[in-house]
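Fold and contact review
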Amino acid sequence: MKTPDLLLVDDDPGMIQVMARALSGLGRLRFATGGEQALRQMADATPDLVLLDGDMPGLNGLEVCRRMKGDPQLAGVPVIFVTGQNSAEDELRGLETGASDFIAKPISEPLLVARARTQLRVKALTDELRAMASTDGLTGVANRRSFDEALAREWRRQQRSGQPLSLLLVDVDHFKAYNDHYGHQGGDACLRSVAQALAEARRRPADLAARYGGEEFALLLPDTDRDGADYVARRILELIDALALPHANSRTAPHVTVSIGISYLDQIHADRRPVGAGPITPDESPEALLRAADIALYAAKQAGRARACCLDMLDVDSPQRVRAARHHGRTRPADLDEPA
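Description of the structure in this document. Since the structure is predicted, the reported quantities are computational estimates derived from the model, not experimental observations.

1. A closer look at the sheet that holds strand E5 (residues 101-104)
Taken in spatial order, the five strands make up an open sheet running E2-E1-E3-E4-E5, and their pairing is parallel. In this open sheet, the two strands that pair with only one neighbour each are strand E2 (28-32) and E5. Each strand axis lies, on average, 20° off the axis of its neighbour in the sheet, ignoring direction. In the sheet, strand E4 (residues 79-83) pairs with E5 via four bridges, with the strands oriented parallel. Each residue of the ladder has a partner; that of Thr-83, found in E5, is Ala-104. Seen against the sheet, helix H5 (residues 109-133) touches strand E1 (5-9), strand E3 (49-52), E4 and E5 and runs at an angle of roughly 170° to E5.

2. Here we look at the environment of Leu-311
Following the sequence through the fold, Leu-311 ends up in strand E10 (residues 308-312). Considered as a pair, Leu-311 and Ala-293 are 18 residues apart in the sequence and their alpha carbons are 6.8 Å apart.

3. What about the pairing of E4?
When you tally the buried positions in E4, you get five out of five residues, the bulk of the element. Neither face of E4 is exposed, since Val-79, Phe-81 and Thr-83 on one face and Ile-80 and Val-82 on the opposite face are all buried. Across three bridges, the pairing between E3 and E4 is parallel. Residue Leu-51 lies in a different strand from E4, and its bridge partner there is Ile-80. In this fold, the crossover linking E3 to E4 by way of helix H3 (residues 61-69) has right-handed handedness.

4. A look at the packing of helix H2 (residues 35-44) against H3
Contact pair H2 / H3: the axes reach a minimum separation of 10 Å and the direction vectors enclose 25°. Between H2 and H3, the angle is such that the two are roughly parallel. Where H2 crosses over H3, the handedness of that crossing is right-handed. For the pair formed by H2 and H3, the contact residues are Gly-35, Glu-36, Leu-39 and Met-42 on the first element and Val-64, Arg-67 and Met-68 on the second. Split by residue class, the contact of H2 with H3 holds four nonpolar, one polar and two charged.

5. Some details on the nonpolar core
Core analysis: the largest hydrophobic core is formed by 32 residues, its most contacted members being Leu-168, Val-172, Phe-217, Ile-236, Val-258 and Ile-260. Where this core is concerned, the elements lending two or more residues are strand E6 (165-172), helix H7 (175-201), strand E8 (216-222), helix H8 (226-243), strand E9 (258-265) and E10. The biggest single contributor to this core is H7, with nine residues. Aside from chain neighbours lying at most four places away, what touches Leu-168 is Phe-217, Ala-218, Leu-219, Leu-221, Ala-229, Val-232, Ala-233, Ile-236, Ile-260, Gly-261 and Ile-262. Leu-169, Tyr-212, Ala-288 and Met-313 belong to the second largest nonpolar core, which has 20 residues in total.

6. Quick notes on the side chain of Asp-173
Turning to its location among the elements, Asp-173 is positioned in the loop between E6 and H7. Polar contacts involving the side chain of Asp-173 include one to the side chain of Thr-257, which spans 2.7 Å. There is a polar contact of 3.4 Å between the side chain of Asp-173 and the backbone nitrogen of Val-258. Ignoring sequence-local partners within four residues, the contact set of Asp-173 consists of His-247, Thr-257, Val-258, Ser-259, Lys-301, Arg-305 and Ala-306.

7. Some points on the pairing of E9
The side chains of a regular strand alternate between both faces of the sheet. In terms of residue burial, E9 counts as a mostly covered element, since eight of its eight residues are buried. Alternating residues of E9 divide into Val-258, Ile-260, Ile-262 and Tyr-264 and Ser-259, Gly-261, Ser-263 and Leu-265, and every residue in both groups is buried. Pairing of E6 with E9, which is carried by eight bridges, proceeds in the antiparallel orientation. Bridge pairing in E9 places Asp-171 opposite Ser-259. With five bridges joining them, E9 and E10 adopt parallel strand pairing. When the bridges of E10 are listed, Ser-263 appears paired with Leu-311.

8. What about the packing of aromatic side chains?
Tallying each qualifying case throughout the model produces three aromatic pairs. With a centroid separation of 6.2 Å and 5° between ring planes, the pair formed by Phe-175 and Tyr-178 is classed as stacked. Taken together, the positions of Phe-175 and Tyr-178, both in helix H7 and three residues apart, correspond to about one turn of that helix. With respect to class, Phe-175 is no different from Tyr-178; both count as buried. Geometrically, the ring pair formed by Tyr-178 and Tyr-182 is tilted, given 4.4 Å between the ring centres and 35° between the ring planes. Here Tyr-178 and its partner Tyr-182 are both found in helix H7, four residues apart, which amounts to about one turn of the helix.

9. Observations concerning the pattern of salt bridges
Applying the stated criterion across every chain yields a total of 25 salt bridges. Among the ionic pairs, Arg-66 bridges to Glu-63, the shortest N-O distance being 2.9 Å. Linking Arg-66 with Glu-63, this pair stays in helix H3, spanning three residues, or about one helical turn. By relative accessible area, which is 44% here, Arg-66 ends up partly exposed. With a closest N to O distance of 3.3 Å, Asp-173 and Lys-301 form a salt bridge. Here the residue Asp-173 occupies a position in the loop between E6 and H7, and Lys-301 occupies one in helix H10 (residues 286-302), the gap between them amounting to 128 residues. For the residue pair Asp-173 and Lys-301, the accessibility class agrees, reading buried in each case.

Calculation notes
- Residues numbered from 1 in each chain as written.
- Predicted model: local features only at pLDDT ≥ 70, side-chain atom pairs only at ≥ 80, totals over all residues.
- Heavy atoms only, no water.
- Pairing = 2+ DSSP bridges.
- Helix = DSSP H or I, 4+ residues; strand = E, 2+ residues; numbered from the N terminus.
- Axes fitted to C-alpha atoms, helices over the stretch in contact; angles between N-to-C directions.
- Contact = heavy atoms within 4.5 Å.
- Buried < 20%, exposed > 50% of the residue type's maximum accessible area, 1.4 Å probe, protein only.
- Right-handed = clockwise from strand over helix to strand, strands pointing away.
- Parallel < 35°, antiparallel > 145°, perpendicular 65-115°, else oblique.
- Left-handed = near helix turned anticlockwise from the far one by under 90°.
- Nonpolar A, V, L, I, M, F, W, Y, C, P; charged D, E, K, R; others polar.
- Core = buried A, V, L, I, M, F, W, Y, C linked by side-chain atoms within 4.5 Å.
- Polar contact = N/O pair within 3.5 Å; in protein donor to acceptor, adjacent residues only side chain to side chain.
- Phe/Tyr/Trp six-rings, centres within 6.5 Å; stacked < 30°, edge-to-face > 60°.
- Salt bridge = Lys/Arg side-chain N within 4 Å of Asp/Glu carboxyl O.

The following block contains the structure:
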């Protein structure tokens, strides 16, 4: 079970010490003495609960809470105001801003612990329900809705940070023929095995494996450049080979294989845009990243399947720049014609 992460925010270090002593048994504690510092910490790692002073110099607690509730990544994090502003109007303002609870100073430590434990329990139940809603029931990886949300979120983050972003589309070769021969139960077992291989191929906690639709999967790789995406694709090919799932009706191999389309965007490649082209346009969007991966996937299938092809998102109109990453991790340049 995940250890809860609590962020204690107060401009009075003495108050932070009091809260830390009382809450030490509830999880991992982090501290911030100002609103901006608190938001930076939340951007680095999403907490499970924030205990927030309402009256701080600079960015006050109400504004911190307001910004949290406006951020999709933080909107679900419960906030308990711990503040000396203890009138009914103050409490009402805090609750209207989105706080889950309100504790007046001077605090009662048993009350603080009880309220914090309640909010952590509610958060855990909410996270469990959210996980169920975002998971593909057959394979156990993320579902399409979860993938779409993650892609939009990571795209926005890439635009802010300039860090690379890569995407893999993975398709099971000749899957209809597999279903026809082994039946739907066999097909379901095959998809579960492929999904497990994708999950195993991930390198970072932020990497997301998802069922994209039917026998097609997606692997979203934040902070991963072309070489890193190539490595993950080769790893997937190796893991699928190692499964050695018999496929009597495959025209590619005697066992199950996959084809992979890789697309990527990073600052190095964005920098080669024409001088004066301006920032990335709305047409150069998460949909363009998907389109590039789809073109690369089709190229992999045209080139013989059981391999990966890679395409820079900015080259979606120049498929001749697609390069193939061959079976068993061997990589070579390939001049592939535009798929018919």
